[in-house]
Amino acid sequence: AHRALLFPLIGLAWFWISNALVLIQLSRTFGPAFGGLAALLFVGVVAGLVLSERISDGFAEFGLVPVGAIGQVVFVLDLAFLSPESQFAGGVAEIAKLFETMSSWRVFFDLFALGVCGGFLLLPLYVQVQTRTKVLGRGRFVSLGVLLCAVALPIAGAVALALSRSVAVFAI
């Protein structure tokens, strides 16, 4: 029974780590516009959670997990291969220019869709952790998930830092 919970915990850790890395890269790329873009990602996650609940009709629909995971990969890759015209120099005046290019709208769509796919991933995995554990042991499994994130996040950050020094992680 414990082995069946390992995969949902790894999936949850993967979500939080991958989205943290996206947020780090967005803050480096877009500077002052970062807050709005992070909010767009957050609104997408909330929309994905609501859609996930509606699609599953009150039941845990685990088929949404691969859809969410694949969707996240697709939209992160689309962000990575955006054209250089979406680069952001920074400054308040530049934020208005961010809305003028078509690739900027692609950034907005990709971030929102990335969030929606994250919602498709999160809800079924959390339901699986909660329904497959006994009430008395549930806290240990949630703590294990947090521990996985705490161990993996600095490693992922170090890898992202190393990659950003050798190659452009995002083209944007």
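Just so we're clear, the structure is a prediction, and the values are computed from it rather than from any experiment. (Residues numbered from 1 in each chain as written. Predicted model: local features only at pLDDT ≥ 70, side-chain atom pairs only at ≥ 80, totals over all residues. Heavy atoms only, no water.)

Trainee: Where do I start with the overall build of the chain in this structure?
Mentor: What the chain contains, in helices and strands, is six helices and zero strands. Reading the helices (α) and strands (β) of the chain from amino to carboxyl end gives α-α-α-α-α-α. Sequence separation of at least 24 residues holds for 83% of the intrachain contacts in the chain that already meet a minimum separation of 6. Surface exposure of the chain reaches about 9700 Å², of which carbon and sulfur atoms provide 73%. (Helix = DSSP H or I, 4+ residues; strand = E, 2+ residues; numbered from the N terminus. Contact = heavy atoms within 4.5 Å. Areas by Shrake-Rupley, 256 points an atom, 1.4 Å probe, with all protein chains shown as cover.)

Trainee: So what exactly am I meant to see when it comes to the environment of Ala156 here?
Mentor: Inspection of the secondary structure assignment puts Ala156 in helix H6 (residues 138-166). Considered as a pair, Ala156 and Ile17 are 139 residues apart in the sequence and their alpha carbons are 7.2 Å apart. Setting aside residues up to four positions removed in sequence, Ala156 forms contacts with Ile17 and Leu21.

Trainee: What am I meant to see in the packing of helix H1 (residues 2-30) against helix H3 (residues 64-80) here?
Mentor: One way to put it is that H1 packs onto H3 with a least axis distance of 12 Å and a crossing angle of 15°. As the angle between them shows, H1 and H3 are arranged roughly parallel. In this structure, H1 crosses over H3, and the sense of that crossing is left-handed. Residues Trp14, Phe15, Ser18, Asn19 and Val22 of H1 form the contact with H3, whose own contacting residues are Ala69, Gln72, Val73 and Val76. When grouped by side-chain class, the residues that make up the contact of H1 with H3 number six nonpolar, three polar and no charged. (Axes fitted to C-alpha atoms, helices over the stretch in contact; angles between N-to-C directions. Parallel < 35°, antiparallel > 145°, perpendicular 65-115°, else oblique. Left-handed = near helix turned anticlockwise from the far one by under 90°. Nonpolar A, V, L, I, M, F, W, Y, C, P; charged D, E, K, R; others polar.)

Trainee: It is not clear to me how the pattern of salt bridges should be interpreted in this structure. Could you clarify?
Mentor: Pairing between side chains of opposite charge can happen when their charged atoms approach one another. All chains considered together, the criterion is met by one salt bridge. With a closest N to O distance of 2.6 Å, Arg106 and Asp78 form a salt bridge. In this pair, Arg106 is assigned in helix H5 (residues 102-131) and Asp78 in helix H3, connecting sequence segments 28 residues apart. For Asp78, a relative accessible area of 24% puts it in the partly exposed group. (Salt bridge = Lys/Arg side-chain N within 4 Å of Asp/Glu carboxyl O. Buried < 20%, exposed > 50% of the residue type's maximum accessible area, 1.4 Å probe, protein only.)

Trainee: Would you mind going over the layout of surface pockets with me for this structure?
Mentor: With a probe scaled to a water molecule rolled over the atoms, the places where space remains empty come into view. Put simply, the second largest pocket is a space of about 160 Å³. As for the second largest pocket, its lining consists of Leu9, Leu12, Ala13, Trp16, Tyr126, Val129, Gln130, Phe141, Val142, Gly145, Val146 and Cys149. Secondary structure elements with two or more residues in the lining of the second largest pocket: H1, H5 and H6. It is H6 that provides the largest number of residues to the lining of the second largest pocket, a total of five residues. Taken together, the residues that form the lining of the second largest pocket break down as 10 nonpolar, two polar and no charged. (1 Å grid on protein atoms, 1.4 Å probe; cavity = no way out; pocket = protein on both sides within 12 Å on 5 of 7 lines; lining within 4 Å. Points joined across faces, edges and corners; volume = space filled by probe spheres on them.)

Trainee: What is the right way to look at the environment of Leu148 in this model?
Mentor: On the secondary structure map, Leu148 appears in helix H6. The partly exposed category is assigned to Leu148, whose relative accessible area is 28%. Here Leu148 is in contact with Leu9, Ile10 and Ala13, once residues within four sequence places are set aside.

Trainee: Would you mind going over the packing of aromatic side chains with me for this structure?
Mentor: Given two aromatic rings, one states the distance between the centres and the angle between the planes to describe the pair. Inspection of the entire model under this criterion finds three aromatic pairs. Taking the centre distance of 4.7 Å and the plane angle of 80° together, the rings of Phe15 and Trp16 count as edge-to-face. A relative accessible area of 42% means that Trp16 is categorised as partly exposed. (Phe/Tyr/Trp six-rings, centres within 6.5 Å; stacked < 30°, edge-to-face > 60°.)

Trainee: How should I be thinking about the side chain of Gln128 in this particular structure?
Mentor: By the secondary structure assignment, Gln128 is in helix H5. Judged by relative accessible area, Gln128 falls into the buried class, the value being 12%. Non-local contacts of Gln128, meaning those with residues more than four positions away in its chain, are made with Leu5, Pro8 and Phe62.

Trainee: How should H1 be read in this particular structure?
Mentor: An α-helical turn contains 3.6 residues, so any two residues separated by three or four positions project in the same direction. For H1, spanning 29 residues, the distance from its first C-alpha to its last is 42 Å, which sits close to the expected 42 Å at 1.5 Å a residue. Backbone geometry just after H1 places Gly31 at a positive phi near 50°. (Expected span 1.5 Å × (residues − 1).)

Limitation: the analysis is restricted to geometry and does not speak to function.
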